[in-house]
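Next come the chains, spelled out residue by residue.
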Amino acid sequence: KHREISFPASYFEMLFNFFNGYNFTVYENSPEEHTVAVDPEMLGHIFENLIDYNKDTGTFYTPKEIVQYMTQESLVEYLKTHLEKDRTEIENLVKNQSANSFTDKELEKINGLLDNVKICDPAIGSGAFPMGMLQEIFNLKALINFKLGFDVWSPATVKQNIIQNSIYGVDLDEGAVEIARLRFWLSLVVDEGMPKALTNLDYKIMQGNSVVESFKGIDLSKIALGNDLQIVENMQTDLFGNRTDDQMKITVGKSGLAEEIQKLIKKYFTAKTTQKREIKSKIQTKIAEHIDYNLELRENQLYRQIADLENVKTLKTNQQKALAQLKTDLQNLSNTRKELQKIQTKEEKPYFLWHLFFADVLSKGGFDIVIGNPPYIEFKNLDKELKNELEDSNTNNFYTAKGKYDIYVTFYEMAQRL
């Protein structure tokens with residue numbers, strides 16, 4: 001049975017007026033008006049509305065004029081590093097699409113540099129900066145293609161290669177990561193006759209806390225380097241085989257675990273789509289195993305210390321306080337292990353393993369360009385656990401996380417490291 005629904009023409013008028021309030025463009029980082037695809041302002045506003053807690057997370061949307069300026073300046077600096085050319089000439093190439101002062105051989109070299117550049121946004125948000133870099137690189141390659149007269153030119157293929165080979169990003173918010181992936185897909189759709197699935201970006205644009213590569217004081221920065229992790233069998237122990245007190249906070253690796261993780265990572269990149277989810281789950285399980293291994297070692301140490309004090313017939317006041325604190329620490333550690341189990345069932349993680357997931361870049365010296373708009377949160381408004389991770393001297397902590405700091409300074413420091 002069908003129902004008749006009254007749908008006044010004014011509803012359509014309201015809808016189209018809404019759409020007309022936005023420009024549509026494929027040149028995501030350009031302040032100029034074009035009419036090809038979805039404008040970044042629309043996705044940017046969607047992103048802002050989705051993150052209704054943006055003041056707490058320090059999230060801000062960056063205007064496209066700023067994005068274009070920063071992406072072009074970054075690309076100029078990158079090319080200047082590798083070319084024996086005057087900066088003005090390089091600026092003219094990047095900003096004005098003028099290649100008159102470059103020979104064919106120099107243009108071929110630039111094309112190679114563009115193929116090899118590695119770019120990261122450690123606070124990717126909705127993806128404005130990587131999208132800007134994608135468009136600037138694409139524009140240059142299109143110009144070079146025109147000048148050198150390449151036989152084949154496929155805009156969609158060129159863009160896909162840039163996304164696959166050059167773009168990396170991380171964000172704390174899983175929703176932001178999904179929007180960034182959507183923007184990359186949209187950028188390809190406009191150049192494809194028939195839309196197709198985007199190549200898996202699970203290990204290129206990822207969720208995580210960019211400035212934390214540890215969990216509850218456990219350093220995770222060396223998890224991809226099996227030989228660099230201290231193996232517990234080679235460490236100082238007491239008569240009962242327990243680690244001594246001064247080594248309780250040292251992160252150790254279970255023999256062979258890091259190698260297993262690396263094998264899974266390599267397998268993931270060559271796996272079929274149907275296998276990727278299963279492999280990713282195994283990788284996360286192995287990472288959790290490494291963390292829990294260290295938590296268990298600390299837990300066993302606390303059990304020993306508690307037993308030592310409980311064997312004393314008459315405890316002094318300071319010993320009673322120490323015993324109470326040890327029991328509190330043990331309970332907290334037990335809660336942490338339970339928390340770790342819960343975290344493994346979720347996509348969002350409170351840390352990011354730079355040296356594991358982006359090992360292909362960091363093992364070769366790091367990124368050529370790190371670009372983005374970091375969150376802005378004063379230290380007094382930071383989550384207590386996050387503050388502890390940033391300031392923990394037992395992990396890869398920050399020199400800038402001292403005194404009255406803002407979280408953006410740790411992003412500056414991280415950018416230099418990357």
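Refer to the structure printed above.
Attention here is on the structure that accompanies the text. These figures come from a predicted structure and were not determined experimentally. (Residues numbered from 1 in each chain as written. Predicted model: local features only at pLDDT ≥ 70, side-chain atom pairs only at ≥ 80, totals over all residues. Heavy atoms only, no water.)

## Regarding the packing of aromatic side chains
For any two aromatic rings, the description comes down to two numbers: the centre-to-centre distance and the angle of the planes. Within the structure shown, the criterion is met by 12 aromatic pairs. For the ring pair Phe215 and Tyr351, a centre distance of 5.9 Å and an interplane angle of 75 degrees mean the geometry is edge-to-face. Of this pair, Phe215 sits in strand E4 (residues 214-215) while Tyr351 is found in the loop between helix H12 (317-343) and helix H13 (354-357), placing the two residues 136 residues apart along the sequence. Each member of the pair, Phe215 as well as Tyr351, is classed as buried. Ring geometry for Phe358 and Phe367: centres 6.1 Å apart, planes at 85 degrees, overall edge-to-face. Exposure remark for Phe367: the relative accessible area of 10% places this residue in the buried category. Every member of this aromatic cluster is reached through a ring pair, and the members are Tyr168, Phe352, Trp354, Phe357, Phe358 and Phe367. Of note, Lys216 hangs over the ring of Phe215, and the distance from its end group to the ring centre comes to 5.9 Å. A cation over an aromatic ring shows up here: Arg417 above the ring of Phe398, its NZ or CZ 4.4 Å from the ring centre. (Phe/Tyr/Trp six-rings, centres within 6.5 Å; stacked < 30°, edge-to-face > 60°. Helix = DSSP H or I, 4+ residues; strand = E, 2+ residues; numbered from the N terminus. Buried < 20%, exposed > 50% of the residue type's maximum accessible area, 1.4 Å probe, protein only. Lys NZ or Arg CZ within 6 Å of the ring centre and 35° of its normal.)

## Remarks on the pattern of salt bridges
Evaluation of the coordinates by the stated rule reveals 19 salt bridges. Notably, a salt bridge pairs Glu89 with Lys85, separated by 3.8 Å at the nearest N-O pair. A residue is classified by how much of its surface remains accessible, and Lys85, at 14% relative accessible area, is buried. The partner of Glu391 in a salt bridge is Lys387, with the nearest N and O atoms 3.1 Å apart. Pair noted here: Glu391 and Lys387 are both in helix H15 (residues 384-391), with a separation of four residues, about one helical turn. What makes Glu391 partly exposed here is its relative accessible area of 33%. Salt bridges linked by common partners bring Glu73, Glu77, Arg87, Glu91 and Lys95 together as one network. (Salt bridge = Lys/Arg side-chain N within 4 Å of Asp/Glu carboxyl O.)

## Re the packing of helix H7 (residues 128-148) against helix H8 (residues 155-166)
The relative placement of two packed helices is expressed as an angle between their axes plus a distance between the axes. Where H7 meets H8, the axes come as close as 10 Å, and the angle between the chain directions of the two elements is 130 degrees. Here H8 runs oblique to H7, going by the angle between their axes. The interaxial crossing formed by H7 with H8 has right-handed handedness. Taking contact as the criterion, the partners of Leu134, Gln135, Ile137, Phe138 and Lys141 in H7 are, on H8, Pro155, Val158, Lys159, Ile162 and Ile163. Grouping the constituent residues of the contact of H7 with H8 by class yields seven nonpolar, one polar and two charged. (Axes fitted to C-alpha atoms, helices over the stretch in contact; angles between N-to-C directions. Parallel < 35°, antiparallel > 145°, perpendicular 65-115°, else oblique. Left-handed = near helix turned anticlockwise from the far one by under 90°. Contact = heavy atoms within 4.5 Å. Nonpolar A, V, L, I, M, F, W, Y, C, P; charged D, E, K, R; others polar.)

## Some words on the layout of surface pockets
Here the largest pocket is characterised by a volume of approximately 960 Å³. In terms of lining, the largest pocket is formed by 28 residues, of which the most central are Lys216, Gly217, Glu385, Asn388 and Glu389. Elements with a contribution of two residues or more to the lining of the largest pocket: E4, helix H11 (273-310), H12 and H15. Ranked by residue count, the leading element in the lining of the largest pocket is H12, at six residues. Looking at the lining of the largest pocket, its residues break down into 10 nonpolar, six polar and 12 charged. (1 Å grid on protein atoms, 1.4 Å probe; cavity = no way out; pocket = protein on both sides within 12 Å on 5 of 7 lines; lining within 4 Å. Points joined across faces, edges and corners; volume = space filled by probe spheres on them.)

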